[in-house]
Amino acid sequence: MNHLSLILKREYLTKVKNKSFIIMTFLSPLLIVAIFALVAYLSSLNNNTVRQISILDESGLFANEFESTPQMQYKIIQNTPLSKAKEEAEKSEVYGLLYIPKTKGIDEFSNTITFYSEDSPSLSVMKDINNVLETKANNLKLREQGIDSETIKNLHININANQETFQGMETSKLGSGLKLIFGGAAGYLLFMFIIIYGNMIMRSVIEEKTSRVIEVIISSVKPRALLLGKIFGTTLAGITQFLVWVILIGILSTIVTSLFGIDPASVSPQQQALEQGVDGGAQEVIRQVLMEINNLPILNLIIMFILFFVGGYLLYASLYASIGAAVDSETDTQQFMMPILMPLILAVYVGFFTVIDNPHGTVSQVFSYIPFTSPVVMLMRIPFGVPLWQQILSVVILFLSFGATVWFAAKIYRVGILMYGKKPTYKEIFKWLKY
Amino acid sequence: MEKLLEVNNVSKSYGDYTALNNVSLEVQKGSIFGLLGPNGAGKTTLIRIINQITMPDSGSVILDGEPLQPNHIQYIGYLPEERGLYKSMKVGEQALYLAQLKGLSEKQAKERLKYWFDRLDIRDWWNKKIQELSKGMAQKIQFVVTVSHQPKLLIFDEPFSGFDPINANLIKDEILQLRNDGATVIFSTHRMESVEEMCDHIALINKSNKILDGKLIDIKRAYKSNTFEIGLLTQNPDAVSATLRDKFEISPASFKSINNELQYRVKIPETISSNDLVSYLTSVGQLTHFVEVIPSSSDIFIETIQKNR
């Protein structure tokens with residue numbers, strides 16, 4: 001067996017057999033599912049509370065417009081002065097009191113209606129109330145001008161422009177959102193993966209240094225083989241952990257949803273209702289989502305995801321390893337972490353702000369070639385359709401830089417691992433490159 | 001005798017600092033070679049070059065007739081001064097891993113390790129973790145790992161540090177046995193008594209330069225100063241002392257004796273033979289002690305370093 005596979009095997013097995021690694025692997029999905037279940041449960045609790053709202057309508061124009069729902073109960077008060085109504089409302093623990101005064105004209109309603117409540121009312125409640133009031137006031141105004149609201153409704157035409165690319169592919173607003181989710185998830189996943197497992201590699205290098213086993217190892221194998229073995233071994237352990245997470249979260253969330261009868265869709269019924277209103281039925285939404293997913297360049301996405309994920313991760317992992325080699329203990333790593341984290345964070349920000357705004361703008365393009373940001377930025381751009389040559393160019397640049405970084409990291413590594421006692425400066429590390 | 005290792009004009013510098021300056025050495029097959037020198041002299045750098053951990057800036061290293069190349073690592077066993085093992089790994093797994101890195105197959109490694117674990121009577125440790133063992137125990141494991149692949153050349157950097165006297169003796173005997181079985185040993189140490197006991201050949205490195213090299217016996221011969229330790233029972237010690245002081249360079253000596261005698265270290269000039277001193281001494285009293293003073297390695301070490309300051 002050659003050295004690389006021996007080292008890889010050891011790195012993988014020690015990681016996977018490590019107790020805290022095993023605990024993390026099995027506990028994290030439990031925690032995540034537990035948190036989601038808790039949030040879902042809590043928000044369903046919240047939705048089940050019934051809000052009572054008293055309405056004192058002196059104008060007599062609006063009271064009948066409010067329709068009670070299971071969550072909102074409207075109670076109409078009549079022939080009571082405002083001060084007494086307020087007192088009663090406060091005592092009887094209703095959610096609030098809506099006061100509509102008598103006015104001379106409809107226009108005056110715009111700033112004379114008041115909602116009294118114990119604390120600041122929830123935004124959604126206010127939105128609902130304002131909606132009802134506004135619609136009614138507008139209708140009244142129209143009638144005042146001699147126009148029937150039904151006529152207006154019939155005159156109104158809904159326009160929904162079809163979107164189509166020059167190649168004849170149908171697109172839609174919904175599709176853009178979906179692409180964003182795909183790209184964002186891919187970019188963010190890579191970001192997390194780099195931070196978690198990059199750190200793991202760094203710790204493993206530091207461990208060999210502090211336990212002084214390094215000199216024995218290095219007298220048997222080339223530093224580069226050790227470096228690569230470490231990176232690949234830890235990566236495999238990381239992939240194992242990720243797979244276990246995905247599978248466990250899948251199984252657990254199925255169990256939890258079926259056990260507690262929590263329907264994930266019920267979390268935001270209002271939003272759903274809104275979408276239904278626009279597109280005419282939930283089935284239509286699902287059909288569109290499926291169509292959009294079908295339209296996404298799935299094969300391209302998967303291949304590029306793998307390439308950029310592997311390339312980006314390896315690039316950063318070798319940097320993490322060289323940091324580990326340069327220092328004596330984990331506490332000394334901070335000053336060297338900054339220059340690694342900066343481009344990574346920059347990539348995520350560029351991804352979430354610039355790419356969303358303009359996926360093919362100059363900034364997005366430039367950052368999708370720079371190897372330190374390209375994995376995240378390019379992964380976010382690809383769902384919006386990037387020419388193949390651009391993707392290939394970016395991948396080639398990425399892997400060439402990985403080669404250069406490994407060379408660079410191996411240099412620092414072979415000097416750094418035998419240096420003890422003092423924290424090196426950037427200047428010294430630069431000198432090591434020349435040894 | 002055949003040479004196993006040749007170091008030819010090796011130099012190495014780190015930035016402005018010169019760690020080795022044009023150092024050459026020869027190590028004979030089947031010998032124990034002592035590499036001596038004060039801290040920071042460049043011994044570890046030289047050892048790391050032989051182990052191919054660092055590359056020399058200039059010069060060459062020849063192992064068994066061939067210039068040093070990557071596959072040579074399997075012929076070398078190296079016990080570094082800064083030693084350590086993976087703390088949370090089991091002893092057996094760890095030893096197997098390290099032996100395989102040196103080029104043994106898993107099966108070979110198991111056999112050899114079993115042999116050594118039996119020999120040093122440490123079988124019970126196989127499934128323990130290093131962090132459960134004492135420092136001395138870990139050192140033993142490290143020794144086994146160093147020798148398990150039957151290297152032609154063994155390099156020990158301070159092999160006895162961290163061992164109690166019993167275990168130090170045990171390791172010393174093992175090293176001598178390995179030498180008798182045909183291995184060549186390079187020893188880097190400050191402990192002069194072990195040099196005295198074990199080394200056939202020494203080289204002294206100081207401030208990146210080799211300042212002394214040769215067979216221990218030859219070096220001692222070169223460093224002897226014609227000094228003799230004498231013990232004399234005499235009637236008039238004052239007169240004898242005065243005469244000795246006149247004729248020779250003398251200094252007080254003290255060695256264990258049952259007699260209450262005159263004790264001196266006498267240095268005689270090259271022109272006078274030791275017989276002349278003996279005949280004078282026997283003429284003035286009864287000679288109870290007459291020994292040539294042979295310089296110890298420690299004396300040579302200190303003297304040479306001070307000369308080169």
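Residues numbered from 1 in each chain as written. Chains lettered and ligands numbered in written order. Predicted model: local features only at pLDDT ≥ 70, side-chain atom pairs only at ≥ 80, totals over all residues. Heavy atoms only, no water.

S.K.: Which parts of the structure should I look at to understand the overall build of chain B?
M.R.: Looking only at helices and strands, one finds 10 helices and 14 strands in chain B. Taken over C-alpha atoms, the radius of gyration comes to 24 Å for chain B, far larger than the 19 Å a tight globule of 309 residues would show. With the C-alpha coordinates aligned to their principal axes, the bounding extent of chain B is approximately 75 × 45 × 35 Å. Counting every position in chain B, which comprises 309 residues, the buried fraction comes to 50%. (Helix = DSSP H or I, 4+ residues; strand = E, 2+ residues; numbered from the N terminus. Rg over C-alpha atoms; globule rule 2.2 N^0.38 Å. Buried < 20%, exposed > 50% of the residue type's maximum accessible area, 1.4 Å probe, protein only.)

S.K.: In this structure, what is going on with the overall build of chain A? I would like to understand it.
M.R.: Across its full length, chain A holds 16 helices and 6 strands. The buried share among the 435 residues of chain A stands at 40%. Intrachain contacts of chain A at a sequence separation of at least 6 include 73% that bridge at least 24 residues. Accessible surface for chain A amounts to roughly 24500 Å². Of this, 63% is attributable to carbon and sulfur atoms. (Contact = heavy atoms within 4.5 Å. Areas by Shrake-Rupley, 256 points an atom, 1.4 Å probe, with all protein chains shown as cover.)

S.K.: What am I meant to see in the domain arrangement of chain B here?
M.R.: Think of interface size as the accessible area that goes away when the parts come together; that is how it is often given. Domain parsing of chain B yields domain 1 (3-221) and domain 2 (225-293). Computed over C-alpha atoms, the centres of domain 1 of chain B and domain 2 of chain B are 45 Å apart. (Domains from an automatic or database assignment.)

S.K.: Explain the sheet that holds strand S2 (residues 17-28) of chain B to me, please; I cannot follow it from the model alone.
M.R.: The pairing of strands in a sheet comes from backbone hydrogen bonds and takes either a parallel or an antiparallel form. Residues and elements named next belong to chain B. Sheet architecture is open: 4 strands sit in the order S2-S1-S4-S5, paired in antiparallel fashion. With one partner strand each, in any of the chains shown, S2 and strand S5 (66-67) form the two edges of the open sheet. Both strand S1 (residues 3-14) and S2 contribute to a ladder of 8 bridges, which runs antiparallel. Its bridge partner lying in S2, Lys 3 is registered against Gln 28. (Pairing = 2+ DSSP bridges.)

S.K.: Where do I start with empty space enclosed by the protein in this structure?
M.R.: A water-sized probe rolled over the atoms picks out the places where empty space is left. For the coordinates displayed, the defined rule picks out 3 cavities of 30 Å³ or more. Here the largest cavity defines a volume of roughly 60 Å³. Looking at side-chain class alone, the lining of the largest cavity contains 4 nonpolar, 4 polar and 1 charged residues. (1 Å grid on protein atoms, 1.4 Å probe; cavity = no way out; pocket = protein on both sides within 12 Å on 5 of 7 lines; lining within 4 Å. Points joined across faces, edges and corners; volume = space filled by probe spheres on them. Nonpolar A, V, L, I, M, F, W, Y, C, P; charged D, E, K, R; others polar.)

S.K.: For this particular structure, what's the right way to read the interface of chain A and chain B?
M.R.: With 23 residues of chain A in contact, the opposing surface of chain B contributes 25 residues. Summed over both partners, the interface of chain A with chain B comes to about 2500 Å²; 57% of that surface belongs to carbon and sulfur atoms. Of all residues in chain A, the largest losses of buried area upon contact with chain B belong to Arg10(A), Glu215(A) and Ser219(A), amounting jointly to 23% of the total for that side. Summed over the shared surface of chain A and chain B, the number is 2 salt bridges. Salt-bridge contacts for Glu215(A) lead to Arg48(B); the nearest nitrogen and oxygen are separated by 2.9 Å. Taken together, the links from chain A to chain B amount to 5 residue pairs in polar contact (both at pLDDT 80 or more). At the level of secondary structure, the elements contributing two or more residues to the side of chain A that touches chain B comprise helix H1 (3-17), helix H6 (173-210) and helix H7 (214-218) of chain A. Considering every element that reaches the side of chain A that touches chain B, the biggest residue donor is H1(A), with 6 residues. (Buried area = accessible area lost by both parts, 1.4 Å probe. Salt bridge = Lys/Arg side-chain N within 4 Å of Asp/Glu carboxyl O. Polar contact = N/O pair within 3.5 Å; in protein donor to acceptor, adjacent residues only side chain to side chain.)

S.K.: How do you make sense of the side chain of Thr304(B) when you look at a structure like this?
M.R.: Residue placement: Thr304(B) occurs in helix H10 (residues 297-307). With sequence-adjacent residues up to four places away left out, Thr304(B) is seen in contact with Leu204(B), Ile211(B), Leu212(B) and Tyr223(B).

S.K.: Just to check I follow, could you spell out the packing of aromatic side chains for this structure?
M.R.: For any pair of aromatic rings, the description consists of the separation of the ring centres together with the inter-plane angle of the planes. All names here are of chain A. Summed over the entire model, instances satisfying the criterion amount to 19 aromatic pairs over all chains. Their ring planes at 50 degrees and their centres at 4.6 Å tell us that Phe 193 and Tyr 197 sit as a pair that is tilted. With Phe 193 and Tyr 197 both in helix H6 and 4 residues apart, the pair spans about one turn of that helix. Taking relative accessible area as the criterion, Phe 193 reaches 2% and is therefore assigned buried. Assessed through its relative accessible area of 0%, Tyr 197 is described here as buried. (Phe/Tyr/Trp six-rings, centres within 6.5 Å; stacked < 30°, edge-to-face > 60°.)

S.K.: Hey, could you run me through the pattern of salt bridges in this one?
M.R.: Opposite charge on two side chains allows them to pair when their charged atoms are near. Scanning the model with the defined rule gives 27 salt bridges over all chains in all. Here the salt bridges share partners, and the residues they tie into one network are Arg10(A), Glu11(A), Lys15(A), Glu208(A) and Lys230(A).

S.K.: How should I be thinking about the packing of helix H7 (residues 216-223) of chain B against H10(B) in this particular structure?
M.R.: Axis angle and axis distance: for two packed helices, these are the angle between their axes and the distance between the axes, and together they describe the pair. All names here are of chain B. Running from amino to carboxyl end, H7 crosses H10 at an angle of 65 degrees, the nearest separation of the two axes being 11 Å. As H7 runs across H10, the sense of the crossing is left-handed. Mapping the contact onto sequence places Leu 216, Ile 219, Lys 220 and Tyr 223 in H7 and Ser 297, Ile 300, Glu 303, Thr 304 and Lys 307 in H10. (Axes fitted to C-alpha atoms, helices over the stretch in contact; angles between N-to-C directions. Left-handed = near helix turned anticlockwise from the far one by under 90°.)

S.K.: For this particular structure, what's the right way to read the sheet that holds strand S10 (residues 209-215) of chain B?
M.R.: Residue and element names in this part refer to chain B. Sheet architecture is open: 6 strands sit in the order S6-S7-S8-S3-S9-S10, paired in mixed fashion. Only two strands of the sheet have a single partner each, and these edge strands are strand S6 (76-79) and S10. Put simply, the sheet's adjacent strands are angled 15 degrees from each other on average, direction ignored. Sheet topology places S6 next to strand S7 (residues 153-157); 4 bridges connect them, and they run parallel. By the bridge assignment for S7, Tyr 78 is matched with Ile 155. Relative to S7, helix H1 (residues 43-50) is tilted by about 150 degrees, and along the sheet it contacts strand S3 (32-36), S6, S7, strand S8 (184-188) and strand S9 (201-206).

S.K.: How should the environment of Ile340(A) be read in this particular structure?
M.R.: Residue and element names in this part refer to chain A. Examined against the element boundaries, Ile 340 turns out to sit in helix H12 (residues 334-357). You can call Ile 340 buried: its relative accessible area is 6%. Considered as a pair, Ile 340 and Leu 236 are 104 residues apart in the sequence and their alpha carbons are 22 Å apart. Discounting chain neighbours no more than four positions away, the residues touching Ile 340 are Tyr 316, Leu 319, Tyr 320 and Ile 323.

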